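# Structure at a glance
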Amino acid sequence: MTAEATGVRLECDGPVATVTLCRPDVLNAQTPAMWRAMSDFSRDLPGDVRVVVVRGEGRAFSAGLDLSVAGASGPGSFAELSTLPEQECADRIAELQGGFTWLHRPDVISVAAVQGHAIGAGFQLALACDLRVLAEDAKLSMAEVTLGLVPDLAGTKRLVDLVGYARALEICATGRRMDAAEADRIGLATLVVPNAELDGAVRDLTAGLLANNRNAVVEIKALLAGAGTRSAAEQQRAEREAQTRRLRDLAGRGD
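Since the structure is predicted, the reported quantities are computational estimates derived from the model, not experimental observations. Within any chain, residue numbers begin from 1 and follow the written order of that chain's sequence. Since the coordinates come from a predicted model, pLDDT governs what is reported: local features require at least 70, and pairs of side-chain atoms require 80 or more to be given and counted, while whole-chain, interface and lining totals use all residues. With hydrogens and water stripped out, all remaining heavy atoms of the structure feed into the side-chain values.

Below, the discussion takes up the overall build of the chain. A run of H or I in DSSP becomes a helix once it reaches four residues, and a run of E becomes a strand once it reaches two; helices and strands are each numbered from the N terminus. When its secondary structure is counted, the chain shows twelve helices and nine strands. For the chain, the C-alpha radius of gyration of 19 Å lies close to 18 Å, the compact-globule estimate for 255 residues. For the chain, the spread of C-alpha atoms along the three principal axes comes to 60 × 45 × 40 Å. Any residue under 20% of the maximum accessible area for its type is buried, any over 50% is exposed, and the rest in between are partly exposed; the area is computed with a 1.4 Å probe on protein chains only. Across the 255 residues in the chain, those meeting the buried criterion constitute 45%. Considering only intrachain contacts with a sequence separation of at least 6, the fraction spanning at least 24 residues in the chain is 69%. It is over C-alpha atoms that the radius of gyration is taken, and the globule rule equals 2.2 Å times the number of residues to the power 0.38. Any two residues whose heavy atoms approach within 4.5 Å at even a single point are treated as in contact.

Attention now goes to the domain arrangement of the chain. Per the annotation, domain bounds derive from an automatic or database assignment of domains. Per the domain assignment, the segments of the chain are domain 1 (3-210) and domain 2 (212-251). Relative placement of domain 1 and domain 2: their C-alpha centres are 28 Å apart. The closest approach of N and O atoms between lysine 221 and aspartate 130, which form a salt bridge, is 2.9 Å. Polar contact is defined as a pair of N or O atoms within 3.5 Å, subject to the rule that within protein one atom must be able to donate a hydrogen and the other to accept it, and that residues adjacent in sequence are counted only when both atoms are side-chain atoms. The interface formed by domain 1 and domain 2 contains eight residue pairs in polar contact (both at pLDDT 80 or more). Counting residues per element, the side of domain 1 that touches domain 2 draws most heavily on helix 10 (residues 198-210), at three residues. In this classification, the charged set is Asp, Glu, Lys and Arg, the nonpolar set is Ala, Val, Leu, Ile, Met, Phe, Trp, Tyr, Cys and Pro, and all remaining amino acids, among them Gly, are polar. Among the residues making up the side of domain 1 that touches domain 2, the classes are represented as seven nonpolar, three polar and five charged. Put simply, a salt bridge is a Lys or Arg side-chain nitrogen that is within 4 Å of an Asp or Glu carboxyl oxygen.

Attention now moves to the packing of aromatic side chains. How two aromatic rings sit relative to each other is given by the distance of their centres and the angle of their planes. Ring geometry is summarised as follows: Phe, Tyr and Trp rings, the Trp one being its six-membered ring, pair when their centres sit within 6.5 Å, and such pairs are stacked at plane angles under 30 degrees, edge-to-face over 60 and tilted between the two. Counting across every chain of the model gives one aromatic pair. Seen from their ring centres, tryptophan 35 and phenylalanine 100 are 6.0 Å apart, and the 65° between their planes marks the pair as edge-to-face. Of this pair, tryptophan 35 sits in helix 2 (residues 32-44) while phenylalanine 100 is found in helix 5 (residues 86-101), placing the two residues 65 residues apart along the sequence. Note on accessibility: tryptophan 35 and phenylalanine 100 belong to one class, buried.

In this section: the state of the cysteines. Pairs of cysteine sulfur atoms within 2.5 Å are identified as disulfides in what follows. Here the structure, examined in full by the defined rule, presents zero disulfides. Residue cysteine 22 stays outside any disulfide, its sulfur separated by 15 Å from that of cysteine 12, the closest cysteine. Accessibility expressed as a relative area gives 17% for cysteine 22, which makes it buried.

Here you go:
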């Protein structure tokens, strides 16, 4: 399907892929069709892509769930999901989560370029990325609770990992909005820049990520991503094993 039909497009330029939410007239409000399209992007990604940049057209990253779609009565609506058997409903949500979780892929680094609102599903999309560059006007909120819902697009673990349980609970249970300065202070932002500098900052970060050996970067991402669930001894072993692979590869003795 076309970007006009799904509201999201994928563009690839050598080692950099850009995912753009392209519904600026509704502040890039998201729909199940967008999530399915984003899930497909993982299969469409060329093998030489190393960095995926996620951005929104216009003045907002994403204002969250498109309630005009979710609140209707057709496929993907709350009404339809509520009629399904519990397991079928959960399986349907699992499919939609795929539009976010592919950004966790071990072979790429994902970067969210966030301006304006990143609300609900928009916040979770930013959380799905490894790194977040925020413009100074960014406003973030996990607003699902205001609809009587829970965050279900793979954002809760990422949030706890970044800010801790107590802060994550407060953010999710109140649904309040935070500005870029607070997001930076509590560890949600990789970088905060003036609005006019957002594109340049993302380009500079991308260039830095591409400047070094791809296989070393992949190994580093795996080491850091798994560090939270390993003991100190397990992490040290993982470091030893990763370094052994790097040394053999650099010497031309890799598999």
